[in-house]
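Listed here are the chains, written in short residue letters.
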Amino acid sequence: MVKAIVGANWGDEGKGKITDMLGQESDIIVRFQGGSNAGHTIINKYGKFALHLLPSGVFYDHTTSIIGNGVALNIPYLFKEVQSIVDRGVPMPKILVSDRAQIMMPYHILFDQYEEERLGGKSFGSTKSGIAPFYSDKYAKIGFQVSELFDDEALREKVERVCEMKNIILEHMYHKPLINPDELFNLLIDYKKMVEPYVCDVAAYLHQAIKEGKNILLEGQLGALKDPDFGIYPMVTSSSTLASYGAIGAGIPAYEIKNIIAVAKAYSSAVGAGEFVSEIFGEEADELRRRGGDGGEYGATTGRPRRMGWFDAVATRYGCRMQGATEVALTVLDVLGYLDELPVCVGYEINGVVTKDFPTTVKLAKAKPVYEVLPGWKQEIRGITKYEELPENCRKYIEFIEKEIEVPITLVSNGPGRDEIIKR
Ligand code: GDP
């Protein structure tokens, strides 16, 4: 059985916690896109962890953690991250890395920084982890696959060729130090030594695992609204964040994904630039940011304060639809207990016309939120384990959202801990 856990919003929905929880019943957990640019926060018996590249299954001894071909693989980062959890008492996880994954090169990270510098105030708000230059090179066919590390001669020749091109840009466009091809080649040989024990034909491995009826979990990063095709282009990420892409980024047939859990947050938050219709500002936003998540809404990778907003039913319904969500996990509901009233964005007004359909970015830029206001429950809901025991106004909020997004909410998360979850 293959399940996917993906974001219905802009990322930071609390997918890490839901993956960690469902990891208990999974044999294999696969990262299928993105890189070390986003972070999952997980709290378990070993402590509190912010994972960036490792799948959330690394804390269990019965799961195999896989870096799929769709991931931007930063090899030294991966090994630093493994070391950092092992140093804190977590048993050495079983990790496999796809032989078809591509390698994040040091110059991708530099190009990301240089480009943000060049753009100045018009920047995309990149996390500067090299993601955009990495995927650009992958599709321009000048990226390096893990498999290519294992042919010295061809590797050396390709390094020379790629350096030639990169150095022209470094010299004439960015006026930055050039890349030395010998140094780069030696670095890649170091990378080879680091990654060699984990390299695997992941597609073949998963084919076999599916045959054996293993439970496989695909773990998405960011959310539907950051997808390069269906998100708020161009303020998106560079690899698809949709569950459908899980098939490609892991190497399994699309029809094997039976269950898609979209994670939606009980209010909105976003990092970086981009259209955000239900955004709030000032003291109202500061208070929600301060109380939000677990210890405030600040980026897990960058520490940047997140932008805050009310729950956006238009964006979330669209996000769930594009994910193909079969069920929804609604998270961080406990945070909202301080509010007298909870506005929910149920429509967008664009040029005087109200719509419930999420538009393309050009129109989105003109959208004004249409709110319906629900009464608050003014109560702490952490510690509650049964749905019926939630305050009535809290249940009404959940059921209102469920009606708006048109997907059953089967999980309600009312605290950051692994067990703070209400199953419906
Ligand atoms: P992800 O990238 O989707 O995994 O999201 P993040 O981990 O960046 O953000 C979620 C944050 O909210 C983390 O700090 C979690 O520990 C926290 N969190 C997750 N679920 C809940 C919840 O139900 N209540 C509270 N208060 N915090 C939660």
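Below you will find a few notes about this structure. Remember, it's a predicted structure, so these values are computed and weren't measured experimentally. (Residues numbered from 1 in each chain as written. Predicted model: local features only at pLDDT ≥ 70, side-chain atom pairs only at ≥ 80, totals over all residues. Heavy atoms only, no water.)

The next subject is the pattern of salt bridges. Applying the stated criterion across every chain yields a total of 25 salt bridges. In this structure, Lys-166 engages Asp-137 in a salt bridge whose closest nitrogen and oxygen atoms are separated by 3.0 Å. Here Lys-166, found in helix H5 (residues 152-174), pairs with Asp-137, found in helix H4 (residues 131-139); they are 29 residues apart in sequence, far enough to count as distant. Both residues of the pair, Lys-166 and Asp-137, belong to the buried class. Across the pair Asp-152 and Lys-192 runs a salt bridge whose closest N-O atoms are separated by 3.5 Å. In this pair, Asp-152 sits in helix H5 while Lys-192 sits in helix H6 (residues 181-195), placing the two residues 40 residues apart along the sequence. Look at Asp-152 and you get partly exposed, because its relative accessible area is 39%. (Salt bridge = Lys/Arg side-chain N within 4 Å of Asp/Glu carboxyl O. Helix = DSSP H or I, 4+ residues; strand = E, 2+ residues; numbered from the N terminus. Buried < 20%, exposed > 50% of the residue type's maximum accessible area, 1.4 Å probe, protein only.)

With that settled, the discussion passes to the site of the ligand. Around the ligand, a shell composed of 19 residues is seen, among which Lys-15, Gly-16, His-40, Asp-334 and Ser-413 lie nearest. Gly-16 places a polar main-chain atom, nitrogen or oxygen, 2.7 Å from an oxygen atom of the ligand. One of the side-chain nitrogen or oxygen atoms of Arg-306 is found 3.2 Å away from an oxygen atom of the ligand. Burial of the ligand by the protein chains amounts to 96% of its free accessible area of 590 Å². Elements represented by at least two residues in the shell around the ligand include exactly helix H1 (15-23) and strand S3 (40-44). Class assignment for the residues of the shell around the ligand results in three nonpolar, nine polar and seven charged. (Near = heavy atom within 4 Å. Polar contact = N/O pair within 3.5 Å; in protein donor to acceptor, adjacent residues only side chain to side chain. Areas by Shrake-Rupley, 256 points an atom, 1.4 Å probe, with all protein chains shown as cover. Nonpolar A, V, L, I, M, F, W, Y, C, P; charged D, E, K, R; others polar.)

The subject of this paragraph is the packing of helix H3 (residues 106-119) against H5. Their axes nearest at 12 Å, the elements H3 and H5 cross at an angle of 25 degrees. With respect to their mutual orientation, H3 and H5 come out roughly parallel. The handedness of the crossing between H3 and H5 is left-handed. Residue-level contacts link Tyr-107, Phe-111, Tyr-114, Glu-115 and Arg-118 of H3 to Val-162, Lys-166, Ile-169, Leu-170, Met-173 and Tyr-174 of H5. (Axes fitted to C-alpha atoms, helices over the stretch in contact; angles between N-to-C directions. Parallel < 35°, antiparallel > 145°, perpendicular 65-115°, else oblique. Left-handed = near helix turned anticlockwise from the far one by under 90°. Contact = heavy atoms within 4.5 Å.)

Note: α-helices contain 3.6 residues per turn, so residues at a spacing of three or four share the same orientation. Burial of helix H8 (residues 243-250) is extensive: six of the eight residues sit out of reach of the surface. Along H8, the positions that sit buried rather than exposed are Ala-243, Tyr-245, Gly-246, Ala-247, Gly-249 and Ala-250. Once H8 finishes, Gly-251 follows within two positions and takes phi at roughly 95 degrees, a positive value.

Across the 10 residues of strand S17 (residues 341-350), eight count as buried, placing the element largely inside the fold. As paired strands, strand S15 (residues 311-312) and S17 are joined by two bridges and run parallel to one another. Its bridge partner lying in S17, Asp-312 is registered against Cys-345. When S17 meets strand S19 (residues 368-375), the two strands line up antiparallel, connected through eight bridges. The partner of Tyr-348 across the bridge, within S19, is Pro-369. (Pairing = 2+ DSSP bridges.)

Here we take up the sheet that holds strand S11 (residues 257-265). The strand order across the open sheet built from 10 strands is S9-S7-S5-S2-S10-S1-S11-S16-S20-S21, with neighbouring strands paired in mixed fashion. Strand pairing shows two members of the sheet lacking a second neighbour, strand S9 (199-200) and strand S21 (421-423), which therefore form its edges. Bridge analysis of S11 against strand S16 (residues 327-331) gives five bridges, and the strand direction is parallel. Bridge pairing in S16 links Ala-262 to Val-328. This element, H8, spans strand S1 (2-7), strand S2 (28-31), strand S10 (216-219) and S11 of the sheet and lies at about 125 degrees to S11.

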